[in-house]
Amino acid sequence: MATIRVYMTMSLDGYVTGPQDSMDDPMGVGGFRLFNWLDRRNDPGVSGQVVEESMATRALIAGRRTYEHAGHWQGDHHNGVPMFILTHNVPDGPPPGTVHFVTDARECAAQAREAAGDGDVMVHGAGATQALLQAGEVDELEMHVVPVLLGQGRRLFDNLPPDHVELELMRQLTSRDEVDRAQEVTHLRYRVVR
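A brief look at the structure comes next. This one's a predicted model, so the numbers in the text were calculated from it and none came from an experiment.

**Things to note about the overall build of the protein**
So, point 1. Broken down by element type, the protein carries 4 helices and 10 strands.
So, point 2. Listing every helix and strand of the protein by position from the N terminus yields β-β-α-β-α-β-β-α-β-α-β-β-β-β.
So, point 3. Taken over the C-alpha trace, the protein has a radius of gyration of 16 Å; the compact-globule value for 194 residues is 16 Å, and the two agree within 12%.
So, point 4. For the protein, the C-alpha atoms occupy an extent of roughly 45 × 35 × 35 Å along the three principal directions.
So, point 5. Expressed as a percentage of its 194 residues, the buried residues of the protein come to 47%.
So, point 6. Of the accessible surface of the protein, which amounts to about 9900 Å², a share of 48% is contributed by carbon and sulfur atoms.
So, point 7. The averaged location of the 28 negative side-chain charges in the protein is 3 Å from the averaged location of its 17 positive side-chain charges.

Now the structure itself:
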């Protein structure tokens, strides 16, 4: 069965965007600082390895807000994989490319797992991550932690209930010795303990 893995970059204080993110400024004020590490995505080293792994996923789940702020990824996130967009309201008209709109987190996870077969499913977005965690559908978290404090913005785990989600660290990779300070990142992979 496919593994559903959240892939998210965040600041050390837990923000995935800066403040005032919008369609015109999808990462908010100062939020693109979180993605300096992607400048090294094609280089050998840990960041290149992590990006290569993420691009090998066979399906994508994202929240509607993330999908819209990303410009719908121009209809193709990577390699034509099916995209399952978790939304409260399905838009009128046929979806573009390989997009499927789904209104229930469990159903969204089931469809993405089926599409991915024995591969992995990538999850993007704070809303989708929270909904899937609450539904018990996240298997792993791949967190790309950037050594910066944004202070404000959109937090990845802000709206979770007070239940504990136990995690087991599976892998920790750091780019510190490979890159300039502005491109440093620590990649942490956790398994959700059931």
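Having seen the structure, we can now continue with the description.
**Quick look at helix H1 (residues 46-55)**
So, point 1. All of the buried residues in H1 are Val46, Ser47, Gly48, Val50, Val51 and Ser54.
So, point 2. On the buried face of H1, the contacting elements are strand E1 (3-11), strand E6 (120-124), strand E7 (140-146), strand E9 (167-174) and strand E10 (186-192).

**A look at the side chain of Thr87**
So, point 1. Take Thr87: it is sitting in the loop between strand E4 (83-86) and strand E5 (99-102).
So, point 2. By relative accessible area, Thr87 is classed as buried at 6%.
So, point 3. A distance of 3.0 Å separates a polar atom in the side chain of Thr87 from a polar atom in the side chain of Arg64.
So, point 4. Excluding residues within four positions of it along the chain, Thr87 makes contact with Arg64, Phe101, Val102 and Thr103.

About the thresholds
- Residues numbered from 1 in each chain as written.
- Predicted model: local features only at pLDDT ≥ 70, side-chain atom pairs only at ≥ 80, totals over all residues.
- Heavy atoms only, no water.
- Helix = DSSP H or I, 4+ residues; strand = E, 2+ residues; numbered from the N terminus.
- Rg over C-alpha atoms; globule rule 2.2 N^0.38 Å.
- Buried < 20%, exposed > 50% of the residue type's maximum accessible area, 1.4 Å probe, protein only.
- Areas by Shrake-Rupley, 256 points an atom, 1.4 Å probe, with all protein chains shown as cover.
- Lys, Arg positive; Asp, Glu negative; His and termini not counted.
- Charge placed at Lys NZ, Arg CZ, Asp CG, Glu CD.
- Contact = heavy atoms within 4.5 Å.
- Polar contact = N/O pair within 3.5 Å; in protein donor to acceptor, adjacent residues only side chain to side chain.

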